[in-house]
Amino acid sequence: MSQVASQVRQSISLLILNADVVCFDDADRVERRGAIAVDGNTIIWIGSAEEAATLYTAEQTIDASSMIAMPGFIDCHVHTAQQFLHGKLPSVRRKGELRAPMWQRYLIPFESGLEPEDVYASGLAAYSAMISSGTTCFLEAGGPFPDEMGRAANDIGIRGRIAMATVDVEDDIPPQSRMTTAEALRRSEELVLRWKEHPRVNAWLSLRQLMVNTEELRFGIRDLSHALDTPIHTHLAEGTYEVDFSIRKWNMRSTEYLESIGCLDHYVHAAHSVLLSLNEMDLYAKRNVSACHCSLNNYTMGRPRVLEMMRRGIAMGLGTDGAATRTSLDMFQVVHGAVLGQQAVNGTPYHVDPPVTCEQMLKQAFRGGARAARLEREIGTLEVGKKADIVLVSTSDYDQFPALDPVITLAESSVGRDVHTVVVDGRIVMQNRKLLTMDLEPMRERVAVQYKTIMERFDRAIA
Ligand SMILES: [Zn+2]
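About the thresholds
Counting restarts for each chain: residues are numbered from 1 in the order of the written sequence. Totals for whole chains, interfaces and linings use all residues, but because this is a predicted model, local features are given only for residues with pLDDT of at least 70 and pairs of side-chain atoms are given and counted only at 80 or more. Excluded from the side-chain calculation are hydrogens and water; included are all heavy atoms of the structure. Each helix is a run of DSSP H or I of at least 4 residues and each strand a run of E of at least 2, with the numbering of both proceeding from the N terminus. What makes two residues a contact is simply this: any of their non-hydrogen atoms within 4.5 Å. Accessible surface area values rest on a Shrake-Rupley calculation with a 1.4 Å probe, where residue burial reflects the displayed protein chains alone. None of His or the chain ends enter the tally, which takes Lys and Arg as positive and Asp and Glu as negative. Taken as the charge centre is NZ of Lys, CZ of Arg, CG of Asp or CD of Glu, depending on the residue. When a carboxyl oxygen of Asp or Glu lies within 4 Å of a side-chain nitrogen of Lys or Arg, that pair is called a salt bridge. Relative accessibility under 20% of the residue-type maximum defines a buried residue, over 50% an exposed one, and the middle range a partly exposed one, all with a 1.4 Å probe and only protein chains included. Excluding water, the donors of a metal are its N, O and S neighbours within 2.8 Å, or within 3.2 Å for Na, K and Ca, and that exclusion means sites may look incomplete. The geometry test gives tetrahedral to four donors whose angles all lie between 85 and 135 degrees, gives square planar to four donors and octahedral to six donors whose opposite members are over 155 degrees apart with all other angles between 65 and 115, and gives irregular to the rest. The criterion for strand pairing is that DSSP finds at least two bridges linking the strands in question. The criterion for an aromatic pair is that two Phe, Tyr or Trp rings (for Trp, the six-membered ring) have centres within 6.5 Å, with stacked assigned to planes under 30 degrees apart, edge-to-face to planes over 60 apart and tilted to the rest. Throughout this description, the term charge over a ring refers to an Arg CZ or Lys NZ atom that lies within 6 Å of the ring centre and within 35 degrees of the ring normal. Using protein atoms alone on a 1 Å grid, points that fit a 1.4 Å probe yet trap it form a cavity, whereas open point sets bounded by protein on both sides within 12 Å along at least five of seven lines form a pocket; residues with an atom within 4 Å of a point count as lining. Grid points are joined across faces, edges and corners, and a volume is the space filled by probe spheres set on the points. Amino acids are sorted into nonpolar (Ala, Val, Leu, Ile, Met, Phe, Trp, Tyr, Cys and Pro), charged (Asp, Glu, Lys and Arg) and polar (every other residue, Gly among them).

Per an unreviewed UniProt entry, the protein chain carries the name Amidohydrolase family protein and comes from Granulicella cerasi.

See the structure below:
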């Protein structure tokens, strides 16, 4: 009887064979020449390729020889609607005309000139760039026309949390980007409810940042976060301008102020968190605030205390901050930037070991990112029972040779363009670097026409 049973192979939806599977689980499991069995949207088994062939028959099988399987990245702070600023600000800087603060001078004016269709196209461009470099989940900071972000994420097949920008003070902000406090609250609530049931794409609340939000809105969004059980994405401790503003206005640093008014709790996701004092880091830990480190641009703003935050057990992911300021949505680069940045910030206190290794930072991006996304039970590792968000990284590029240890190859010598195949929620969305879920050509053709109009609007706004 048992012999008969062993010959009956279970039929499943997807089988990935022959990959070196790097799980990033508690045991740091690595399965050389391994296999991952997926049924529906869930990982149901991880083991050797040899054994898998005796256990499963699958609708789709991927031969992942010479590849590494890893969890998908979670970009914990991205601005979907700023994708078409890609390369623009560096060119303004090159002319010696860049002014501060960037969010006020450029980013909000740019968003103010967008139409809903622009945000949809921007979403397709951003999410395809993410998928092609191994990101399977994103946390949107908050921008215009969030339903269009959601529509693009739905169509392309990525996992994400969209959000609407909220600005309810005048302060030199274009009228298209402003709303009344009541309107911001109503529209935020409606957005969260509209996307509540979607299997991959939900909406979070958002507070843009201290300077452009009233206290009334902070209280309102906090109350909504409790009532709807939904996190709040915000920028916090980002630049010296914010610290100055907070100290002048409330005689406290930003985080201390939020604590003093009862607006700092486990629903807050604080992007950047660059200029935290020791007391503010303690408040993050005490209140279970999550954070995002955007290494490619945070070091222009201060000395981020990433290692100290990691030691305090703060739920911290890594993020790109979108394509406007540093152009790349490649999370491998963010990991490498964080390692070098922390080495510069912390010095070299040991003879042989760096303060943090690429492997540790990569793990932080997966595990810390999943915690920051409030999705640690579902993603962030390759484990049985978790959602099948799986990235296959090729190891056959010239600069990866010889790829002897899959963990080192992944952490030290792989970049986004080595990503070969991507599975989100059990569905193959990219294979052999070809996006399978949709044809992006119509979007690109439309953008080629529309881009000039978008940039003319932008140039007028910043003149
Ligand atoms: Zn941001």
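Once that is clear, we can look at the overall build of the protein chain. Within the protein chain one finds 18 helices and 17 strands. Each of the three principal axes of the protein chain carries a C-alpha extent, and together these read 75 × 55 × 50 Å. A fraction of 73% describes how many contacts in the protein chain between residues 6 or more apart in sequence connect residues 24 or more apart. Accessible area for the protein chain stands at about 19,100 Å²; split by element, carbon and sulfur atoms hold 49% of it. Of note, the protein chain has its 48 positive side-chain charges centred 3 Å away from the centre of its 60 negative side-chain charges.

As a further point, take the pattern of salt bridges. Working definition: two side chains of opposite charge can pair if their charged atoms are close together. Evaluation of the coordinates by the stated rule reveals 26 salt bridges. A salt bridge links Arg 159 to Asp 389; the shortest N-O distance between them is 2.8 Å. Taken together, the residues Arg 159 in strand β8 (residues 159-163) and Asp 389 in the loop between α16 (358-372) and β14 (390-394) connect sequence positions 230 residues apart. Of the two residues, Arg 159 and Asp 389, both sit in the buried class. Each of Glu 117, Glu 148 and Arg 151 takes part in one network of salt bridges that share partners.

A few words now on unusual backbone geometry. Residue Ala 100 is joined to Pro 101 through a cis peptide bond whose omega torsion reads -10°. Counting through the fold element by element, Pro 101 comes out in the loop between α3 (88-94) and α4 (102-112). The omega torsion of the bond from Phe 401 to Pro 402 falls at -5°, within 30 degrees of zero and hence cis. With respect to the helices and strands, Pro 402 occurs in the loop between β14 and α17 (406-413). With phi around 50°, Ala 237 is a residue other than glycine that occupies positive phi space. Positionally, Ala 237 belongs in the loop between β10 (232-236) and α9 (240-250). In the Ramachandran plot, Asp 321 falls in the positive-phi region, its phi being about 70° despite a non-glycine side chain.

Moving on: the coordination of the zinc ion. Octahedral six-donor coordination of a metal ideally yields angles of 90 or 180 degrees, compared with 109.5 degrees for tetrahedral four-donor coordination. Within the protein, the atoms that donate to the zinc ion are His 77 (NE2), His 79 (NE2), His 235 (NE2) and Asp 321 (OD), at distances of 2.1 to 2.5 Å. Here the zinc ion binds four donor atoms, and the angle range of 83 to 171° at the metal identifies the geometry as irregular. For the zinc ion, the single-chain donor residues occur in sequence as H-x1-H-x155-H-x85-D. Of this pair, His 77 sits in strand β6 (residues 73-78) while Asp 321 sits in the loop between β13 (316-318) and α14 (323-326), and the two are 244 residues apart along the sequence. As far as the burial class goes, His 77 and Asp 321 line up, both buried.

Counting buried positions along strand β9 (residues 201-207) gives seven out of seven residues, so the element sits mostly inside the fold. Bridge analysis of β8 against β9 gives four bridges, and the strand direction is parallel. Looking across to β9, one finds that Ile 162 is bridged to Ala 203. Of the strand pairs in this sheet, β9 and β10 are connected by three bridges, and their pairing is parallel.

On to the packing of aromatic side chains. Taken as a whole, this structure holds ten aromatic pairs when the rule is applied. Ring plane angle 85° and centroid distance 5.5 Å describe the contact between Phe 110 and Phe 458, whose orientation is recorded as edge-to-face. Taken together, the positions of Phe 110 in helix α4 and Phe 458 in helix α18 (residues 441-462) put the pair 348 residues apart, joining distant regions of the chain. One Lys or Arg, Arg 151, reaches over the ring of Tyr 120 and ends 3.8 Å from the middle of that ring.

The next thing to look at is the layout of surface pockets. For the largest pocket, the calculated volume is near 640 Å³. Every residue lining the largest pocket is counted, 24 residues in all, and those nearest its centre are Ala 125, Ser 128, Ala 129, Ser 132 and Arg 417. Mapped onto the lining of the largest pocket, the elements with two or more residues apiece are α5 (116-132), β17 (434-435) and α18. Here the lining of the largest pocket takes four residues from α5, the largest share from any one element. The residue inventory of the lining of the largest pocket, partitioned by class, reads ten nonpolar, nine polar and five charged. There is about 510 Å³ of room inside the second largest pocket. Lining the second largest pocket are 24 residues, with Met 102, Glu 238, Thr 300, Met 301 and Thr 325 positioned closest to its centre. When contributions to the lining of the second largest pocket are tallied by element, the ones reaching two or more residues are α4, α9 and α14. Broken down by element, the residue count for the lining of the second largest pocket peaks at three residues, all from α4. Per-class residue counts for the lining of the second largest pocket are eight nonpolar, ten polar and six charged.

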